[in-house]
Amino acid sequence: MSKEKLRRDALLYHSEPQPGKIKIVPTKPYATQRDLGLAYSPGVAEPCLEIAKDVNNVYKYTAKGNLVAVISNGTAVLGLGDIGPEASKPVMEGKSLLFKIFADIDSIDIELDTKDVDKFIETVKIMAPTFGGINLEDIKAPEAFEIERRLKEELDIPVMHDDQHGTAIISAAALLNALEITNKKIEEVRIVVSGAGAAAVSCTKLYKAFGARAENIVMLDSKGVIRSDRENLSGEKLEFASDRKIDTLEEAMVDADVFIGLSIADVVNAEMLLTMAKDPIVFAMANPDPEIGYELAVQTRKDIIMATGRSDHPNQVNNVLGFPYIFRGALDVRATKINEAMKMAAVKALAELAKESVPEQVNIAYGETRLAFGRDYIIPKPFDPRLIYSVPPAVAKAAMDSGVARIAIEDWDNYKEELLLRSGNDNKVVRMLHNRAKTNPKKIVFAEADQLDVLKAAQIVFEEGIAIPILSGNKETILELKKELDFNADVVIIDSKDAESKEKRTQYAEKYWNNRKRSGATLYSSQSKMRERNYFGAMMVLEGDADGMISGYTRAYPTVVKPIFEVIGRAANVKKVATVNILTTERGPMFLADTAINIDPTAEELADIAQMTANVATTFGFDSVIAMLSYSNFGSSTHPNAAKVRKAVSILHENNPELVVDGDIQTDFALNTELLQKTFPFSKLAGKKVNTLVFPNLESANITYKLLKELNKSESIGPIMMGLAEPVHILQLGASVNEIVNMTAVAVIDAQEREKKRKA
């Protein structure tokens, strides 16, 4: 993506459909006069009086306990430097968004227009009663050290400067594991730290807390090695001043075991790397370009353990592994501060998590066969669903043990369940889809690429590395739209009607006629059909000229399905093709089937649909818990419509005993765990969280998923075709750009899976 294109897209993202990235929404009913009377006057007086009696009641009656302020003065924003408070606001909003999606913490960004340390501190202290915690962000050193130190001393809520401690915690976890792999002891290794800002100082302090010795550490700033005989050193730098008579990074790297980079790109070269000790540990964390490139480093030293801040290489040191979960644990015990014990507990939890067996969902997300603890996996991945219930409990327990917790967690199993419920409220499925597709992009035909939104989606998947688009449609229109979108990439454009496609049309028509001549097709009609984009595109997939296809943006579903069925057909041993939609909901992803194809499936067909839907869920890393829906519960109606569902369940129980499936069951019982457990404790669904709904007919399925999508503004992925012989997927009429991008990722993953099976 060009810098100008990135600039336009970023500005559009932040400005439309409304400015900014966060908003405030009510959590209580507000529809009636009674609701408003309780929310405000006169009812609001009662919680006010209770808080006046005991200030701790503020946690009981307000949102304080789950509210964190992200506060900056804009003096050290990313790599942009001192750009001012207003210009820092997009970054702070982004941090607030990360708090919400990773740990379900509500967050408000606050930008202060002052560089005066005393004014900054006083302002934060004045507003502190509003919040359960304070996340300081992008404040330049050395002021950042004093601001955090004094606020931690003078406030009774958790305060953390993430630029310092986030990187320190994640890198310390990675360092402990890297040392274990190389059989080195932290007390003995020689450590070089390139950079002397807030993050570098905090990292090095934390390493010392875990046993690193001061005499084995060399820190460098822009002037070179920080030596004890240098004048005018700040207190922070003086702590790490070396007595060694060396001046340069090149000298410091000789026989070093560990390099920690928090400085600028390309300060380390291959020659320096070669002078390091056996099994060197190199954390080159400058962003976006590290102190030494990953490829150069691993080519230079085969024995290296390498980490960067980038997501496109193994061992990403990413602060999102830390700050959401650290604050989550601190808030949940109402900690008065985030102390060293809590930070060290987070380090240990992250380090231990990397040693555990990796869930298949994570392997799938990163396109790995099996991630396992080792040189290329020393810290957990950001998409790991276990983070939410691994790190916060460790932090909370450390707060309790160190005496800074105001409430105690007694039922840790229940706390873990609460954390799991919080983890459902985001778009992990979408991120997982995109990430997995990027591991092995496939050639996907966009059959309506002369439509602006379809071409926009094709541009996004190309620039993001999700797929290799083949643009099908009116060539002249596509070229005009590409110019309008600044889509300058050299991608294949196919116009099935023009002279350039004549040879392929003839070839495809012959193949189609041979396949369909006993189904009423003539050679002439076959040649005519190959001028139609959906027939032509489907033949490209069938003949291996493309790996998959997306269509349906401008045409009714049945119109698009017909050529797909004629050209592609069903996979072997599949009796009926069906579809499933994935909805992102507060309870996590929900798989809904069949939403587009089968009007009134039989019991046998319902059983097949349930099995295929479970297979789709497995492909995306989820274990299905399937409710076979009806208007009746476990035989409460003898009507044939309900009996059909019961028969499907019997078929599944007999033929697929490994599936967690039951019914006939009404939707509320399926989704309300307590209600189901109380009323139907015998059900296979009792005590489980249903994530897959199979509907008795197309009418109920289609209406329900579209109702949920529109009312809840849920993101929908689908309808995903199940049972076709090749990866072809049909969009809903007028699908959004995001929906087209998501369906493209589905098509890529579908093609990846089929490729694996062919090679197996």
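These lines cover the structure that appears in this document, whether it is placed above or below. (Residues numbered from 1 in each chain as written. Predicted model: local features only at pLDDT ≥ 70, side-chain atom pairs only at ≥ 80, totals over all residues. Heavy atoms only, no water.)

Look at helix α6 (residues 117–127) against helix α7 (residues 143–154): their axes get within 10 Å of each other, and the N-to-C directions meet at 35 degrees. Here α6 and α7 pass one another in a crossing that is right-handed. Residues V117, D118, F120, I121, V124 and K125 of α6 form the contact with α7, whose participating residues are E143, E146, I147, R150, L151 and E154. Classifying every residue of the contact of α6 with α7 gives six nonpolar, no polar and six charged. (Axes fitted to C-alpha atoms, helices over the stretch in contact; angles between N-to-C directions. Helix = DSSP H or I, 4+ residues; strand = E, 2+ residues; numbered from the N terminus. Left-handed = near helix turned anticlockwise from the far one by under 90°. Contact = heavy atoms within 4.5 Å. Nonpolar A, V, L, I, M, F, W, Y, C, P; charged D, E, K, R; others polar.)

Overall, mixed pairing links the six strands, which are arranged β18-β17-β19-β16-β15-β20 in an open sheet. Bordering the open sheet on either side are β18 (660–665) and β20 (716–722), each of which pairs with just one other strand. Direction aside, neighbouring strands of the sheet carry axes that sit 20 degrees apart on average. Pairing analysis gives three bridges linking strand β16 (residues 588–593) to strand β19 (residues 692–694), with the strands arranged parallel. In the sheet register, F591 faces β19, and the bridge partner there is T692. Strand contacts of helix α26 (residues 603–619): β15 (578–585), β16, β17 (625–629), β19 and β20, with the helix running at about 150 degrees to β16, the strand carrying the most contacts. (Pairing = 2+ DSSP bridges.)

Bringing unusual backbone geometry into the picture now. Between E16 and the following residue, P17, the backbone shows a cis peptide bond with an omega angle of -5 degrees. For P17, the position within the fold is in the loop between α1 (3–15) and α2 (33–39). A cis amide bond, omega 5 degrees, links A141 with the succeeding residue P142. Within the secondary structure, P142 sits in the loop between β3 (133–136) and α7. Positioned with a positive phi, D266 is a non-glycine residue whose angle comes to about 60 degrees. If you trace the backbone, D266 turns up in the loop between β8 (258–261) and α12 (270–274). What makes D266 exposed here is its relative accessible area of 60%. Of note, the phi angle at N315 is positive, near 60 degrees, even though the residue is not glycine. (Buried < 20%, exposed > 50% of the residue type's maximum accessible area, 1.4 Å probe, protein only.)

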